[in-house]
Amino acid sequence: DTSSGSMILRTVNAGDDGISGLMSFTTGTTSSGTSGEIDIFTGQATNGKGGDVLVSVGSGTTYTGGDIVMSAGLSTAKLGGTGGAVSVTTGHGHSTSSGAFILQTSDAGTEGVSGALSFTSGTSSDGNSGSISLFTGAATNGEGGDILVSVGKSKTDTGGDVYAIAGDSTPF
């Protein structure tokens with residue numbers, strides 16, 4: 001018994017003055033009910049590592065590299081409708097550690113700045129704006145996880161600052 005076959009979907013390379021072809025996966029609309037899902041799964045491995053799901057964007061030699069954009073669905077319901085959530089969860093380790101969640105920008109080139117990380121909740125015209133929560137999990141037989149805030153140092157200028165600013169109130 002050997003490996004199963006591969007399936008490769010791709011567009012062909014562009015010519016000297018064109019762009020390569022688009023690849024689109026779209027479910028149809030519905031007037032009553034839920035529209036269809038798009039599922040991407042890798043199979044289980046009994047005696048090995050589960051397969052990866054890789055999303056990678058091509059580099060640009062003249063302009064910027066391509067973007068990865070994830071956007072949950074909006075709701076136009078007048079009552080009780082909320083926008084869709086974006087949920088990313090690392091894998092559970094049955095008898096060992098759970099998977100790490102790493103969110104970082106790449107190092108800058110020789111004449112640029114490294115990319116910013118921004119966590120912002122949306123504004124609200126009637127009600128509270130969303131909160132941003134940062135927690136570590138409880139430990140039954142061990143030390144609770146730390147929260148570390150560290151600012152980069154500089155070889156030629158001052159190190160970065162840490163700001164904590166509480167919200168102000170503007171009465172009508």
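Reference entry: report on the structure contained in this document.

Cut-offs applied
Residues numbered from 1 in each chain as written. Predicted model: local features only at pLDDT ≥ 70, side-chain atom pairs only at ≥ 80, totals over all residues. Heavy atoms only, no water. Helix = DSSP H or I, 4+ residues; strand = E, 2+ residues; numbered from the N terminus. Buried < 20%, exposed > 50% of the residue type's maximum accessible area, 1.4 Å probe, protein only. Areas by Shrake-Rupley, 256 points an atom, 1.4 Å probe, with all protein chains shown as cover. Lys, Arg positive; Asp, Glu negative; His and termini not counted. Charge placed at Lys NZ, Arg CZ, Asp CG, Glu CD.

## Digging into the overall build of the protein chain
So, step 1. The helix and strand inventory of the protein chain stands at zero helices and zero strands.
So, step 2. Taking the principal axes of the C-alpha coordinates as reference, the protein chain spans close to 60 × 55 × 55 Å.
So, step 3. In the protein chain, which comprises 172 residues, the share counted as buried stands at 1%.
So, step 4. When the accessible surface of the protein chain is split by element, carbon and sulfur atoms take 50% of a total near 17,400 Å².
So, step 5. Positive and negative charge centroids in the protein chain, built from 5 and 15 side chains respectively, lie 3 Å apart.

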